[in-house]
Every structure is written in C-alpha cells, then in structure tokens.
Amino acid sequence: MMMFRSPTRGVLSLAEVAEDMMQEVSLHPHDHYRLMIGTDSQPKAHSATFVSAIILHRIGKGARYYIHREEQGHRFSLRQRMFTEAAYSLQVCGQLSEELQQRGAEWALEVHLDIGERGATKALIREIVSWITASGYEARVKPNAYCASKVADRYTKS
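Predicted, not measured: the structure shown is a model, and the values here were computed from it. (Residues numbered from 1 in each chain as written. Predicted model: local features only at pLDDT ≥ 70, side-chain atom pairs only at ≥ 80, totals over all residues. Heavy atoms only, no water.)

A few points about the overall build of the protein chain
Now for step 1: On a plain count of helices and strands, the protein chain comes out with 4 helices and 7 strands.
Now for step 2: In summary, the protein chain has a C-alpha radius of gyration of 15 Å against a globular reference of 15 Å for 158 residues, a match within 12%.
Now for step 3: For the protein chain, the C-alpha atoms occupy an extent of roughly 45 × 30 × 25 Å along the three principal directions.
Now for step 4: Residue burial in the protein chain is summarised as follows: out of 158 residues, 46% are buried.
Now for step 5: Here the analysis covers contacts within the protein chain between residues at least 6 apart in sequence; of these, 67% occur between residues at least 24 apart.
Now for step 6: Accessible surface for the protein chain amounts to roughly 8,300 Å². Of this, 51% is attributable to carbon and sulfur atoms.
Now for step 7: Here the protein chain contributes 20 positively and 18 negatively charged side chains, and the mean placements of these two sets differ by 8 Å. (Helix = DSSP H or I, 4+ residues; strand = E, 2+ residues; numbered from the N terminus. Rg over C-alpha atoms; globule rule 2.2 N^0.38 Å. Buried < 20%, exposed > 50% of the residue type's maximum accessible area, 1.4 Å probe, protein only. Contact = heavy atoms within 4.5 Å. Areas by Shrake-Rupley, 256 points an atom, 1.4 Å probe, with all protein chains shown as cover. Lys, Arg positive; Asp, Glu negative; His and termini not counted. Charge placed at Lys NZ, Arg CZ, Asp CG, Glu CD.)

This is the structure we're talking about:
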C-alpha cells in the first residue's frame, strides 16, 4: 500500500489523504482549489529515488501537501527516469481519483512534469504530455510544474 507523509498530519494512506482533502474543502466550501500531482527523481550510483507529491492548493490561501518516497534499485537512463516519473504520477492520479469519487468528489487533476523546453528533457515533452492528456489529466511542464520541480524535488534530496 502506498503511504504518504504530510508535514502536518504525519503518515497517511491514500484513502486518508483523500479524506483529509475532503475535510479541508468542506471547511472552506466557497474557496477555489487546484489539485496537483507531480513526481521527481534523483539518480544515485546504482539506484534512483522517486518522490511523488500531491498538493491541494487553496488558491490565494496556502496549500497542503503529501509526499510518497520510493527507492528503485537500478540505474535509469534520463528517458527511463522521466517516463517512470510520469508513470508514478499517473498511478497516484488514478488511485486518488478513485478515492475521491468514492466520496462523491470529481476534481480535475493536474500532472506536473519535471521536464521543460530547456535542457535534455526538451525532446520528451510532446511524448509525455500526450500520454498524460490521453489519460484524461491536464499536463504542466516547467516552469509551471512546481509540484514536481519544487516540492517533490526538495524531498528527493533528503
């Protein structure tokens, strides 16, 4: 079972994350929200660390986030890592969508990808963005992908 860590709530299952988000929205029902999922990775000598982040952004009033961290025990090429990051994000999106739907919520999810027009990942943008949008989610790339490039990135290094 995929477990998440929240700075304010501690360790939670994905069902508990969904419940926590539903509770937050019920406390402020007239506010506007964005729900973002992003994954970043950090390669090491013989492995890679993948961190997926879920952010519930209460627009203009802060956010809460949840982190899942996983080690993969083999070396990845840059292309493999970028596709694995996207796959982790899609996995979280699918499972979170199910949890939210069970609670009567249908929220649009944004997938934030740690790829951009500058650098080595430029050639992967069209392919990965197409995969995300074909899966039914909105895709964001750098510099608008802060869920992956800032929040998840921070936890790959700790």
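From this point, the narrative continues.
Quick notes on the nonpolar core
Now for step 1: Membership of the largest hydrophobic core comes to 30 residues, with the highest contact counts inside it found for Met21, Ile54 and Leu96.
Now for step 2: Among the secondary structure elements, those contributing two or more residues to this core are helix 1 (14-27), strand 3 (33-43), strand 4 (48-58), helix 2 (78-102), strand 6 (109-116) and helix 3 (125-134).
Now for step 3: Leaving out residues up to four positions away in the same chain, Leu96 has contacts with Leu14, Ala18, Met21, Leu35, Ile37, Ile54 and Leu109. (Core = buried A, V, L, I, M, F, W, Y, C linked by side-chain atoms within 4.5 Å.)

Focus: the pattern of salt bridges
Now for step 1: According to the stated counting rule, one finds 16 salt bridges in the structure shown.
Now for step 2: Taking the shortest distance from any N to any O, the salt bridge between Glu19 and Arg103 comes out at 2.8 Å. Taken together, the positions of Glu19 in helix 1 and Arg103 in the loop between helix 2 and strand 6 put the pair 84 residues apart, joining distant regions of the chain.
Now for step 3: Classification of Glu19 by relative accessible area gives partly exposed; the value is 43%.
Now for step 4: The class of Arg103 is partly exposed, set by a relative accessible area of 27%.
Now for step 5: When the shortest N-O distance is used, the salt bridge between Lys61 and Asp31 registers 3.1 Å. Residue Lys61 is found in the loop between strand 4 and strand 5 (63-72), and its partner Asp31 is found in the loop between helix 1 and strand 3; the two are separated by 30 residues along the sequence.
Now for step 6: A relative accessible area of 19% places Asp31 in the buried class. (Salt bridge = Lys/Arg side-chain N within 4 Å of Asp/Glu carboxyl O.)

A word on the confidence of the model for the protein chain
Now for step 1: Per-chain confidence: the protein chain averages 94 in pLDDT, with 99% of residues scoring 70 or above.
Now for step 2: Ranking the elements of the protein chain by mean pLDDT puts helix 4 (residues 146-156) last with 84 and strand 2 (residues 10-13) first with 98. (pLDDT = per-residue confidence, 0-100.)

A closer look at the pairing of strand 1 (residues 3-6)
Now for step 1: Every second residue of strand 1 is oriented toward a common face, the buried set being Phe4 and Ser6 and the non-buried set Met3 and Arg5.
Now for step 2: With antiparallel pairing between neighbouring strands as the criterion, strand 1 and strand 2 make up a hairpin whose turn holds 3 residues. (Pairing = 2+ DSSP bridges.)

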